[in-house]
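For reference, the chains in residue letters:
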Amino acid sequence: MKRSVYTFTLFALTLISVSAFGQAKKYPLYEHFTQASCGPCADQNPYFEAVYEANYSNMHHVAYHTSWPGYDPMYNFNPTESDAMVSFYGVTGVPDMFENGSDLGSPTAVTQDRVNEALTETSPIRILVTESTVGSTRNVHIEIQTVGTVPGGTYKVKAAAVERWIDYGSPPGTNGESLFPDVFRDMMTSTSGDAVTLAGMGGSTILDYSYTLAPEYDATEMYALVWVYNSSTKEVLNSGATGDPAIEVINAADATFVHGTNGSAQSFDGIVANIGDADMNMEISLASDQPGDWSSSFTFNGNTYTDFASASVGGLAELPLELNVNVGPTAAIGEYTFTVTFPDDPGVFPQVLKYYVISGVTDLVVNNEVGFGDGSPYGTWDWESLYTDGLMNAGVSTYAATSHFTMKNGFKNNALGDVQRIYYNVGWTFPALVDDATKIAYLEDFLDNGGDLMIAGQDIGWEVDYYAAYYPEAVDFYENYLQSTFVNDAAAGATQFTAVTTDAWYGDVATSDISKPYGTTYYYPDQIEPNGAEASAIFNYNNTETKIGGVRSETADYKTVYLGIGLEMVADEAVRNAIMDATYAYFTGAMNGVDYDAYIQALLGGASPNPASTSTTIRLYNIDQDYTITVTDITGKVVAADQIHVGAESYSLDVSNMESGMYFYFLSNGTQSTKAEKIQVIK
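Residues numbered from 1 in each chain as written. Predicted model: local features only at pLDDT ≥ 70, side-chain atom pairs only at ≥ 80, totals over all residues. Heavy atoms only, no water.

## A word on helix 5 (residues 380-393)
The end-to-end C-alpha distance of helix 5, which contains 14 residues, comes to 20 Å, matching closely the 20 Å that a straight helix rising 1.5 Å per residue would cover. Listed as buried for helix 5 are T380, W383, E384, L386, Y387, T388, G390 and L391. Of the surrounding secondary structure, the elements contacted by the buried residues of helix 5 are strand 26 (363-367), strand 28 (399-403), strand 29 (421-427), strand 30 (429-430), strand 31 (452-457) and helix 10 (573-588). G395, located one to two residues past helix 5, shows a positive phi value of around 85 degrees. (Helix = DSSP H or I, 4+ residues; strand = E, 2+ residues; numbered from the N terminus. Expected span 1.5 Å × (residues − 1). Buried < 20%, exposed > 50% of the residue type's maximum accessible area, 1.4 Å probe, protein only. Contact = heavy atoms within 4.5 Å.)

Laid out in structure tokens, this is it:
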């Protein structure tokens with residue numbers, strides 16, 4: 001039996017802790033639809049479970065067992081409420097995973113990278129859950145603290161009784177699984193949730209529920225899981241569970257992804273909040289993935305560290321944590337990960353904050369970091385080097401690579417303004433375009449504002465076509481931005497990838513055999529067609545004009561290239577590089593030969609005064625894009641580098657710290673460089 005005992009609002013003095021920042025840690029909630037006789041569930045669930053067990057105290061999970069495709073005693077225990085949850089989300093197949101109310105699809109979509117991104121989010125509410133037992137009744141006390149400004153909307157609360165582990169010893173269904181985590185047992189609220197009025201900032205809303213410990217339960221494994229969600233969007237505002245740690249590592253920065261420039265300093269703020277009474281010892285490490293000419297450090301408890309610190313935070317207290325990044329001349333995305341561990345309490349898993357700085361990046365390789373096509377270990381990260389190697393082969397030095405989660409974070413924070421071209425590495429992963437309207441909106445905005453996009457992978461078109469009725473925004477993007485029409489899945493007999501020889505940009509690319517990295521069973525190159533006057537076929541299968549495998553399109557605003565296979569399926573490395581080289585040339589409209597050489601050499605003028613002792617001015621002409629100016633000594637060692645922006649007519653070079661001698665300077669756009677000019681320094 002369950003019952004709501006009372007609900008009322010308390011004021012700020014009763015709060016355990018109110019952060020000066022006005023936000024609480026947000027625990028991502030994963031609602032998992034699965035079944036003990038579902039074969040794909042047995043294949044895919046272990047990927048999620050490995051990530052979950054590595055983040056147990058940082059995220060919440062509940063598994064609803066469904067009525068299909070076979071026998072499942074966990075569904076049979078509470079079929080009415082399990083069916084209601086299926087209806088609530090409109091689930092039509094298993095396995096299916098929802099993150100904070102949004103459908104992810106496969107459980108394999110929950111990667112460590114995705115969890116790390118989610119843990120950087122914050123919430124204006126904190127949910128504290130405690131329990132007590134009287135006989136066979138488990139009483140659940142819930143306090144919802146309002147620590148920040150709650151977005152407008154109508155909210156509901158859900159409270160579920162969950163069994164942490166159910167071990168049948170031998171499989172109860174037909175898929176081989178015998179151990180099941182976080183099984184949904186009973187809903188203490190209604191399955192659609194109970195209406196809740198959240199307190200004003202500094203106040204709390206108190207709720208009490210109870211449930212009966214049924215004979216089928218292992219009482220030591222039972223706990224309460226509570227979440228608050230927006231009744232219109234189903235977006236989860238925050239979640240809480242019995243036994244959540246009394247320590248929170250909270251992002252306090254306005255943006256977790258920022259744009260930097262050479263020589264700039266960037267900073268990010270975090271907070272370590274102890275919401276319990278006892279002191280907590282901690283260890284803080286900073287992992288910095290950055291070029292050698294960048295630097296980073298962090299300040300904590302009044303001291304500065306480069307990689308590690310240990311400290312203690314008192315009960316009901318907070319300590320600020322600040323990351324500092326100094327950006328160097330190399331174009332890159334600097335990635336910074338704080339990991340906070342608690343050595344005295346091994347039950348509290350490490351908590352993570354992630355921050356990013358991007359500088360000088362014009363070409364961005366994006367990996368579709370979602371579930372794998374067949375549950376194999378081959379994901380898009382495995383193919384990333386095929387794209388970056390291709391860009392290096394094309395002479396591009398201002399590139400970086402990241403996941404599509406990070407790309408979305410960059411767009412969200414308006415940090416990708418320098419990125420001109422995106423190479424979207426889909427490989428064979430699902431979903432590619434469907435079920436992510438936010439990603440599509442960002443890409444459309446990027447294209448509408450002059451960006452260029454390459455996207456490659458088998459089954460992109462099949463997926464859009466198959467789910468067309470559910471994701472019209474994906475259809476619109478596929479047809480009107482990629483300007484392509486899906487024709488057929490697994491183009492029959494496709495063994496070679498051949499350029500359309502009449503195409504001005506790709507016609508010289510040699511033919512390559514098509515490899516099968518996913519195995520012959522999983523071989524599905526998309527057969528496609530251009531669908532507009534602005535679109536052209538650039539590759540076909542087996543030199544057959546009617547079986548097209550690549551389309552490019554061009555409008556006044558943008559250019560796109562779409563391949564019906566991923567680069568990993570192009571067997572010949574030289575052909576892969578040639579495809580990337582031709583794509584970069586197509587996007588940039590690069591001139592070739594003598595004309596281009598003459599054009600770029602005319603950009604750079606002489607320096608005056610020359611010789612110089614303190615500074616000199618270098619003349620510039622017709623700077624119609626961003627360049628890097630590099631100064632070297634006579635051995636070729638770089639002694640200075642800086643950005644030259646569009647429209648610049650001169651550049652002042654400070655030579656006061658240079659020793660007497662001969663130096664050289666030149667301009668580069670990442671692909672081509674001017675010839676070097678000389679300057680002499682005399683002291």
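## Remarks on the environment of Y558
Mapped onto the fold, Y558 is located in the loop between strand 37 (548-554) and strand 38 (559-563). Exposure remark for Y558: the relative accessible area of 6% places this residue in the buried category. C-alpha of Y558 to C-alpha of V570: the two residues are twelve residues apart in sequence and 26 Å apart in space. In this structure, Y558 is in contact with L447, D448, G451, D452, N480, Y481, Q483 and S553, ignoring residues within four places of it in sequence. Here the side chain of Y558 touches N480 through a polar contact of 3.4 Å, landing on its backbone oxygen. (Polar contact = N/O pair within 3.5 Å; in protein donor to acceptor, adjacent residues only side chain to side chain.)

## Remarks on the environment of V62
Looking at the element boundaries, V62 is found in strand 4 (residues 60-65). Residue classification places V62 among the buried residues on the basis of a relative accessible area of 0%. With 98 residues separating them in the primary sequence, V62 and A160 have C-alpha atoms 8.8 Å apart. Residues contacting V62, with those up to four places away along its chain left out, are Y30, E31, H32, V162, D182, F184 and L225.

## Details of the packing of helix 5 against helix 10
For any two helices packed against each other, the geometry is given by the interaxial angle and the distance between the axes. Two numbers describe how helix 5 lies on helix 10: the axes approach to 8 Å, and their chain directions differ by 65 degrees. Of the possible angle classes, the one that applies to helix 5 and helix 10 is roughly perpendicular. Here helix 5 and helix 10 pass one another in a crossing that is right-handed. Every residue of helix 10 that contacts helix 5 at L386, Y387, D389, G390, L391 and N393 is listed here: R576, N577 and M580. (Axes fitted to C-alpha atoms, helices over the stretch in contact; angles between N-to-C directions. Parallel < 35°, antiparallel > 145°, perpendicular 65-115°, else oblique. Left-handed = near helix turned anticlockwise from the far one by under 90°.)

## Let's talk about the pattern of salt bridges
Applying the stated criterion to the full structure yields eleven salt bridges. As a salt-bridge pair, E131 and R138 come within 2.9 Å of each other at their nearest N and O atoms. E131 sits in the partly exposed class, given a relative accessible area of 23%. It is possible to trace a salt-bridge network through shared partners that takes in E53, R164 and D182. (Salt bridge = Lys/Arg side-chain N within 4 Å of Asp/Glu carboxyl O.)

## Concerning the packing of aromatic side chains
Under the counting rule described, the total for this entry stands at 39 aromatic pairs. With centroids separated by 4.2 Å and ring planes inclined at 25 degrees, the aromatic side chains of Y89 and F98 adopt a geometry described as stacked. F98 shares its class with Y89; the two are buried. Ring geometry for Y506 and Y586: centres 6.5 Å apart, planes at 65 degrees, overall edge-to-face. Note that Y506 is positioned in the loop between strand 33 (496-499) and strand 34 (512-513) and Y586 in helix 10, a separation of 80 residues in sequence. Y586 shares its class with Y506; the two are buried. (Phe/Tyr/Trp six-rings, centres within 6.5 Å; stacked < 30°, edge-to-face > 60°.)

## With respect to the state of the cysteines
Enumeration according to the criterion identifies one disulfide in this entry. Covalently, C38 is tied to C41 through a disulfide, its sulfur atoms 2.3 Å apart. Because the torsion about its S-S bond is 85 degrees, the bridge between C38 and C41 counts as right-handed. Its relative accessible area of 2% is what places C38 among the buried residues. (Disulfide = S-S within 2.5 Å.)

## Regarding unusual backbone geometry
That bond from W68 to P69 is cis: its omega, 10 degrees, falls within 30 degrees of zero. Within the element layout of this structure, P69 appears in the loop between strand 4 and helix 2 (73-77). One non-glycine residue, L316, adopts positive backbone phi at about 55 degrees. Following the sequence through the fold, L316 ends up in the loop between strand 22 (308-313) and strand 23 (317-326). In this structure L316 comes out as partly exposed when scored by relative accessible area, which is 46%.

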